[in-house]
Amino acid sequence: MPKKQEDDKFYLGNKNLPRPDQEFEWTPKMVRDLKKCRQNILYFAENYFYIVNLDRGKEKIKLHACQKRTLRDLRDNRFVTLLASRQVGKTTMMTIYCLWIAIFQEDQRILIVANKEQTAINIFKRVRLAYESLPNFLKAGVVEYGKTAMTLANGSSVGISTTSSDAGRGDSCNVLILDELAFIDNHLVQDFWKSVFPIISSSKKSKIFIASTPNGTDNLFYELYSNAVKGVNNWKATRIDWHEIPGRDEKWKDDTIKALGSVEAFNQEFGNQFLQTGESAIDDELFDKLKLSAKDCDNLQNQLLGLKHLAELRFERLFSTFEDCVHKGEL
Ligand SMILES: Nc1ncnc2c1ncn2[C@@H]1O[C@H](COP(=O)(O)OP(=O)(O)OP(=O)(O)O)[C@@H](O)[C@H]1O
Ligand SMILES: [Mg+2]
């Protein structure tokens, strides 16, 4: 086939971006795998989702048990709020979930929201990279493919937003993925949530996935998660603790505490602890230091008082000696 004709089968000539009308020579395995992937998010992830390992390079992901549990929760529940330690694969699971819905379900408008636009763009980059790494027969073809949004031939699309922009408002989004919600400014979240949540939740099939590390108690993430744990809202609460990641044992914990500088900092980043607002690890540390220096000040003050007293005594003695000498006519 001439090169031009061959290139026309792909979006911008990129062999990993098939156009909607691309045809395949289907083998029984391809048909079977397409069906399995559509039905089973875990099968899809472990057979077709790649991560980059620092030592071994690009390889298929082998999901940890806690990640499987979370992905099952996402499959089975519409509203999921995940409390998780740092570096447990929150963004990786968001990417898998987003891709799985976009490819295998029709007419889904997926919105990825993060605290900063650059963070949302980075997550979207991961979605694009994962999409491009899939074999073409699994993919719904590409209609549009940009830096902040992509649209597929099955009518589904993925886009990004921040809570301060207007995207996601109106009835245009039915799958919302929110990363690190506890770290988005409260006033921005409240406005966004008030306008977006009623619309999303009014649809019977809409889905929301929120994942965050804790950040105090005075925010929407804490409210959603703690109410879900108490069973007073219709959210599924789930959590991943640091020790659920293979290789993270007590020695790893000790090393990490040393690297971070304090147990409080570890609890904040890895301990899944909701410290009361105003009681953060940094405040505690600072407070301890202040207490220490106040103690030092007391000591110093006592020492100075002692020196003053000594100096006064010496001065008095010197002065009376001087007076004696004057009196005796020696000076
Ligand atoms: N099952 C897995 N096996 C091996 N590596 C994994 C697995 N899941 C995730 N990773 C790797 O772990 C690293 C952290 O993943 P990710 O960024 O998704 O975590 P995170 O919880 O979002 O981190 P952060 O708290 O920094 O936002 C990445 O390099 C990712 O490729
Ligand atoms: Mg992350």
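Everything below is about the structure shown above.
Residues numbered from 1 in each chain as written. Chains lettered and ligands numbered in written order. Predicted model: local features only at pLDDT ≥ 70, side-chain atom pairs only at ≥ 80, totals over all residues.

Colleague: Can you help me understand the overall build of the protein chain in this one?
Modeller: Along its length, the protein chain carries 11 helices and 10 strands. Within the span of the protein chain, comprising 331 residues, buried residues form 29% of the whole. Relative to all contacts within the protein chain whose residues are 6 or more apart in sequence, the contacts with residues 24 or more apart total 67%. (Helix = DSSP H or I, 4+ residues; strand = E, 2+ residues; numbered from the N terminus. Buried ≥ 20, exposed ≤ 12 C-beta atoms within 10 Å, placed from the backbone. Contact = placed C-beta atoms within 7 Å.)

Colleague: Is there a simple way to explain the sheet that holds strand S9 (residues 207-212) in this structure?
Modeller: The strands that make up a sheet are held in pairs by hydrogen bonds between backbone atoms, and each pair lies either parallel or antiparallel. A sheet is described by the order of its strands in space; here eight strands give the open sequence S5-S6-S7-S4-S8-S9-S3-S10, paired in mixed fashion. The strands lining the two open edges of the sheet, one partner per strand, are strand S5 (142-145) and strand S10 (236-240). Strand-to-strand twist across the sheet, computed as the mean angle between neighbouring axes with direction ignored, equals 15°. Across six bridges, the pairing between strand S4 (residues 109-114) and strand S7 (residues 157-162) is parallel. Counterpart to leucine 111 in the pairing with S7 is glycine 159. Here helix H6 (residues 117-133) sits on the sheet in contact with S4, strand S6 (149-152), S7 and strand S8 (175-179), set at roughly 160° to S7. (Pairing = 2+ DSSP bridges. Axes fitted to C-alpha atoms, helices over the stretch in contact; angles between N-to-C directions.)

Colleague: In this structure, what is going on with the site of ligand 1? I would like to understand it.
Modeller: The local shell around ligand 1 holds 13 residues, among which Ile51, Gly89, Lys90, Thr91 and Thr92 are the closest. Element by element, the count of residues in the shell around ligand 1 is highest for helix H5 (residues 90-104), at three residues. The residue makeup of the shell around ligand 1, split by class, is four nonpolar, six polar and three charged. (Near = placed C-beta within 6 Å. Nonpolar A, V, L, I, M, F, W, Y, C, P; charged D, E, K, R; others polar.)

Colleague: I'm lost on H5 in this one. Help?
Modeller: One full turn of an α-helix is made of 3.6 residues, so residues set three or four places apart face in the same direction. In a regular helix each residue adds 1.5 Å, so 15 residues correspond to 21 Å; H5 covers 21 Å between its end C-alpha atoms and thus fits that length. Across the 15 residues of H5, 13 count as buried, placing the element largely inside the fold. (Expected span 1.5 Å × (residues − 1).)

Colleague: What is the right way to look at the packing of helix H3 (residues 41-48) against helix H4 (residues 65-76) in this model?
Modeller: For any two helices packed against each other, one specifies the crossing angle of their axes together with the interaxial distance. Their axes nearest at 9 Å, the elements H3 and H4 cross at an angle of 135°. If you check the angle between H3 and H4, you find them oblique. Two secondary-structure elements touch here, H3 through Ile41, Leu42 and Ala45 and H4 through Lys68, Leu71 and Arg75. Among the residues forming the contact of H3 with H4, the class breakdown is four nonpolar, no polar and two charged. (Parallel < 35°, antiparallel > 145°, perpendicular 65-115°, else oblique.)

Colleague: Please clarify how helix H2 (residues 28-39) should be interpreted in this entry.
Modeller: Over its 12 residues, H2 extends 17 Å from the first C-alpha to the last, a length consistent with the 16 Å expected when each residue adds 1.5 Å. The buried fraction of H2 amounts to one of the 12 residues, a small share that puts the element mostly on the outside.

Colleague: Teacher, can you tell me more about the packing of H4 against H5 here?
Modeller: H5 packs onto H4 with a crossing angle of 40° between their chain directions and a minimal axis gap of 11 Å. Judged by the inter-axis angle, H4 sits oblique to H5. The element H4 and its partner H5 pack so that their crossing is right-handed. Contacts between H4 and H5 involve Gln67, Thr70, Leu71 and Leu74 on the former and, on the latter, Met93, Ile96 and Tyr97. (Left-handed = near helix turned anticlockwise from the far one by under 90°.)

Colleague: I keep staring at the environment of aspartate 179 and nothing clicks. Help me out?
Modeller: Structurally, the position occupied by aspartate 179 is in strand S8. If we skip the residues at most four places from it in the chain, aspartate 179 touches Thr91, Met94, Ala114, Thr119, Ile123 and Ala211.

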